[in-house]
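Examination of the molecular architecture
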Amino acid sequence: MAVTIALAGNPNAGKTTLFNQLTGSNQYVGNWPGVTVEKKEGKLKGHKDIVIADLPGIYSLSPYTLEEVVARNYLINNRPNAILNIVDGTNLERNLYLSTQLKELGVPVIMAINMMDVVTKNGDVLNLEALGKAMGCKVISISALRNQGIDELISVAVAEANSGAVPAIEHRFTENVEKALSEIQSKISGEVPEALARFFAIKLFERDDKIRNELPEKAKNVDVESIISGIEKEEDDDAESIITNERYKYIQSIISSAYEKRGKTGLTTSDKIDSIVTNRFIALPLFALIMFAVYYISISTVGTKMTDWVNDVLFGSDPWSFFGLVDLPSIPGAVTSLLESMNVNEALQGLVIDGIVAGLGAVLGFLPQMLTFFLFLAFLEGCGYMARVAFIMDRVFRKFGLSGKSFIPMLIGTGCGVPGVMGSRTVENERDRRMTIMTTTFIPCSAKLPVIGLLAGALFNNSAWVGWSAYFLGVCAIVFSGIVLKKTKMFAGQPAPFVMELPAYHLPRPIDILKSMAERGMSFVKKAGTVILLATILVWFLSRFNFRMQYLPEDDMDTSILAAFGNAFTWLFAPLGWGKWKAVVAALTGLIAKENVVGTFGTLFHYQGAEELAESGDQIWAQVREYFGNGIAGYSFLAFNLLCAPCFAAIGAIKREMNNGRWTMFAIGWECFLAYCVSLVIYQIGGLIAGVVSFNFFTIVAIALILIGIWGLFRPYKEADTLSEKEERAVERAMA
């Protein structure tokens, strides 16, 4: 029979880092609430019969947040064999509040004091033996980040899990409270597991309605109000506060006997850094500067040099020299030679070389830029800076009707929109959560980076401002949506409060940064080998055959099935500056996966280049440059693909999280509508200023859109901050 050990602790205590150490997994580690929204499970390394469950980070077992509900339900209903309580040794008082509650669950608890290396470095002293005696459990010193003390910890945890012993309760409340708890326990005796009787009694005393609803019918209906009211009158306080105060008195007695602070008092290094990076006036410009530097290195310098080599050499047309020792063929050259030696017919050669190799090569060519970007993003997340960004953006978002919690899914979404959308579960307010789902995918995810890289290289000489502006275009779209939609009855109301702990700055382990980079890179490569591969095959087939199923020559794609499909929509996108069938098709295939935009261009442009372009070594850049004609049209195309509906996988996540078809359609409709309007304004107004567009009807439409947008931003709130129950039901019925 499998043994289960649950990891429980506060956010930022190091649970997920420890989980990765114990299981060999590579779960996402972040410095903000909601990174672990659901429990994750893995087998203990070297022990196939021991399951480690990583629960969301929580501060207590009171169900104030979704994470607390998930963690508490698991601990009550699944009953793990042991609980590994991860405690941040540098924040002992706050962490022990959860520890006192875990001890009441009737499950063996092993306390792992994490970050003890930091405690020692600060000069403080923590007596583990005294702490263990006061808490009534085993206490082990560890450093999850440096893999110290892990072997001893798991040895003790496995032994405790196998023992099956019910831990003794060391902490007792005041005599009056204990008497009340005993009376409540007697009322529910026999209806709940004996090991959980005290826990349920305490929760009923606190008037925890969620716990009451989970009790058996007989226990659910017990009358304990007279017992609670009597204690509240004696103590002159409400029941929940009585329990909370008693817990903290107990914690203070533990700390006074087991912890001695000898280190320096005053501002820490993290506090000094935060005085700059979270400064009201400096924070946002500094964040913008840091992101510009990330995009500059990724797109304009290091990343570009590697991308150029992949595109011009590895996927180029000429052989290349391996350190001057041996000449090697390029991938297209090697595949061509192989197919010709096998006497493969022309159509199949075209599929493999012009379809698969060209399409995948165009996408994978941008992998070095993406890996460089992921490397820096992983460092910013690992060192603790991105947690500050969430805090900074709360200050901004709150002015526009959104909580800083809404920015956390967007930070997660820089890797992939799917976990970003799922991260919206941490937003308690339903209206805020729906708006978060609708706007999360505005932030460029990894799939959009190749599109940014392609257009930056083809039309803007690999300028870093293209990627930087794309990122903040997404932020502006979020802010605009927040302001405008919050003034409607569907989304009216005050944003949910946002409280988060800012972790101490630290240098992340190089292995963790590389793992994060590799994980995101491999996810991109896997998608290239599946979804994008199938899409490039489909694009090649539709571009090389007409409706009579005749195989078309290389220069006759304009009569193909794909051309007919694209031409049916060119009128719609002509006002945006890219009303040509190839661009339209690329944008539409991007709905399957955003990388398909580049893959489609790679397939359609591969065999269209003149000989002089092939000799220059940058066929796809030159083709795209010539195709769009100017940077205004290219940036309009980029803006549309950044803001419009996300890929099918993210749309599926939106549908699951909305749990409502009409809300999903509204979200997709809003994204596409906003993307179209923004692209129209960019091309018509930008083109007019640049002299590439003459004044026309759509210029008037663009000016009208700007005026309507300004009106939407500055019109006063007419709705109340909160909706009446009648209005709530009306909104729900309208979207049902």
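What counts and how
Residues numbered from 1 in each chain as written. Predicted model: local features only at pLDDT ≥ 70, side-chain atom pairs only at ≥ 80, totals over all residues. Heavy atoms only, no water. Helix = DSSP H or I, 4+ residues; strand = E, 2+ residues; numbered from the N terminus. Buried < 20%, exposed > 50% of the residue type's maximum accessible area, 1.4 Å probe, protein only. Contact = heavy atoms within 4.5 Å. Areas by Shrake-Rupley, 256 points an atom, 1.4 Å probe, with all protein chains shown as cover. Disulfide = S-S within 2.5 Å. Polar contact = N/O pair within 3.5 Å; in protein donor to acceptor, adjacent residues only side chain to side chain. Phe/Tyr/Trp six-rings, centres within 6.5 Å; stacked < 30°, edge-to-face > 60°. Pairing = 2+ DSSP bridges. Axes fitted to C-alpha atoms, helices over the stretch in contact; angles between N-to-C directions. Expected span 1.5 Å × (residues − 1). Core = buried A, V, L, I, M, F, W, Y, C linked by side-chain atoms within 4.5 Å. Salt bridge = Lys/Arg side-chain N within 4 Å of Asp/Glu carboxyl O. Patch = residues over 30% accessible without salt bridge, like charges linked within 9 Å, V, L, I, M, F, W, Y side chains within 5 Å. Parallel < 35°, antiparallel > 145°, perpendicular 65-115°, else oblique. Left-handed = near helix turned anticlockwise from the far one by under 90°. Nonpolar A, V, L, I, M, F, W, Y, C, P; charged D, E, K, R; others polar.

A tally of regular secondary structure across the protein gives 36 helices and 10 strands. Residue burial in the protein is summarised as follows: out of 736 residues, 54% are buried. Within the protein, counting contacts between residues at least 6 apart in sequence, those at least 24 apart form 71% of the total. Carbon together with sulfur atoms contributes 60% to the accessible area of the protein, which is approximately 31,700 Å² in total.

On to the state of the cysteines. Scanning all chains against the criterion turns up zero disulfides. Free of any disulfide, Cys672 has its nearest cysteine sulfur in Cys644, 5.6 Å distant.

Moving on to the side chain of Arg72. Secondary-structure assignment places Arg72 in helix α2 (residues 66–77). At a separation of 2.6 Å, a polar atom in the side chain of Arg72 contacts the side chain of Asp208.

For the coordinates displayed, the defined rule picks out 27 aromatic pairs. Measuring from ring centre to ring centre gives 5.0 Å for Trp578 and Phe637, while their planes differ by 90°; the resulting arrangement is edge-to-face. Taken together, the residues span a long stretch of sequence, with Trp578 in the loop between α27 (570–573) and α28 (581–589) and Phe637 in helix α32 (residues 631–643) at a distance of 59 residues. This pair shows no difference in class: Trp578 is buried, exactly as Phe637 is. An angle of 90° between the planes, with centres 6.0 Å apart, marks the rings of Trp663 and Phe666 as edge-to-face.

A few words now on the sheet that holds strand β4 (residues 82–88). The strand order across the open sheet built from six strands is β2-β3-β1-β4-β5-β7, with neighbouring strands paired in mixed fashion. The sheet is open, and its two borders are formed by β2 (40–44) and β7 (138–141), each paired with just one other strand. Each neighbouring strand pair of the sheet contributes to a mean axis angle of 25°, computed without reference to strand direction. Here five bridges tie strand β1 (residues 3–9) to strand β3 (residues 47–54), and the two strands are oriented parallel to one another. Residue pairing in the sheet places Leu7 in a bridge with Asp54 of β3. Against the sheet, α2 makes contact with β1, β2, β3 and β4, and its axis sits at roughly 150° relative to β1, the strand it touches most.

So, about the pairing of β1. The buried fraction of β1 is high, at seven of seven residues. Side chains of β1 alternate between two faces, with Val3, Ile5, Leu7 and Gly9 and Thr4, Ala6 and Ala8 buried alike. Strand direction decides the pairing type here: β1 and β4, joined by five bridges, are parallel. Bridging from a neighbouring strand, Ala6 pairs with Ile83 of β4.

We now examine α2. An ideal rise of 1.5 Å per residue puts 16 Å on 12 residues; α2 measures up with 16 Å between its terminal C-alpha atoms. Along α2, the positions that sit buried rather than exposed are Glu67, Glu68, Ala71, Arg72, Tyr74, Leu75 and Ile76. At the exit of α2 stands Arg79, carrying a positive phi of roughly 50°.

So, on to the pairing of β4. With seven of seven residues buried, β4 is to be regarded as a mostly interior element. Burial of the side chains of β4 extends over both faces: Ala82, Leu84, Ile86 and Asp88 are buried on one face and Ile83, Asn85 and Val87 on the other. Bridge count for β4 against strand β5 (residues 109–114) is six bridges, and the pairing is parallel. Bridged to Ile86 within β5 is Ala112.

What follows is about the nonpolar core. With 103 residues, the main nonpolar core has Tyr471, Trp578, Phe601, Phe628 and Phe637 as its most contacted residues. Those residues in contact with Tyr471 that sit more than four places away from it in its chain are Phe287, Met291, Tyr295, Phe407, Leu411, Thr414, Ile443 and Pro444. In this structure, Leu55, Leu105, Ile202 and Phe205 belong to the second largest nonpolar core, which totals 42 residues.

Moving on, we come to the pattern of salt bridges. Overall, the coordinates contain 12 salt bridges when judged by the stated rule. Between Asp208 and Arg72 there is a salt bridge, with its nearest N and O atoms 2.6 Å apart. Highlighted residues: Asp208 in the loop between α8 (197–205) and α9 (209–214) and Arg72 in helix α2, separated in sequence by 136 residues. Residue Asp208 shares its accessibility class with Arg72, and that shared class is buried. The closest approach of N and O atoms between Glu246 and Lys249, which form a salt bridge, is 3.9 Å. Highlighted residues: Glu246 and Lys249, both in helix α12 (residues 239–258), separated by three residues, approximately one helical turn. Overlapping salt bridges, with partners in common, bring together Arg172, Glu178 and Arg198 in one network.

Here we take up a nonpolar patch on the surface. Nonpolar side chains collect at one region of the surface, where Leu688, Phe695, Ile700, Ile703, Ile706, Leu707, Ile710 and Phe714 lie side by side and expose about 780 Å² of accessible area between them. Counting residues per element, the nonpolar patch draws most heavily on helix α35 (residues 697–714), at six residues. When you line up the elements, Leu688 lands in helix α34 (residues 661–690).

For α12, built from 20 residues, the straight-helix expectation of 28 Å at 1.5 Å per residue is met to within 8% by its first-to-last C-alpha distance of 29 Å. Turning to α12, its buried residues are Ala239, Ile242, Ile243, Glu246, Arg247, Tyr250, Ile251, Ile254, Ile255 and Ala258. Here α12 starts with a cap whose side-chain oxygen sits 3.3 Å from the backbone nitrogen of Glu240, and that cap is Asp238.

So, about the side chain of Lys15. Here Lys15 lies in helix α1 (residues 15–23). A polar atom in the side chain of Lys15 sits 2.4 Å from the backbone oxygen of Leu55. In this view, Lys15 contacts Leu7, Ala8, Gly9, Asn10, Asp54, Leu55, Pro56, Gly57 and Ile86; residues no more than four positions away in its chain are not counted.

What follows concerns unusual backbone geometry. One non-glycine residue, Arg79, lies in the positive phi region at around 50°. Looking at where Arg79 falls in the secondary structure, it is placed in the loop between α2 and β4. Overall, Arg79 belongs to the partly exposed group, its relative accessible area being 26%. For Arg207, which is not a glycine, the phi torsion comes out positive at approximately 60°. Within the element layout of this structure, Arg207 appears in the loop between α8 and α9.

We now examine the environment of Val598. Tracing the chain through its elements places Val598 in helix α29 (residues 596–605). As a C-alpha pair, Val598 and Val363 span 235 residues in sequence and 5.8 Å in three-dimensional space.

Below, the discussion takes up the packing of helix α18 (residues 367–383) against helix α25 (residues 510–544). Where α18 meets α25, the axes come as close as 8 Å, and the angle between the chain directions of the two elements is 140°. Put simply, α18 runs oblique to α25. For the pair α18 and α25, the crossing hand works out as right-handed. Residue-level contacts link Leu367, Met370, Leu371, Phe374, Leu375, Leu377, Ala378, Phe379 and Glu381 of α18 to Ile513, Leu514, Ser516, Met517, Arg520, Gly521, Phe524 and Val525 of α25. When grouped by side-chain class, the residues that make up the contact of α18 with α25 number 13 nonpolar, two polar and two charged.

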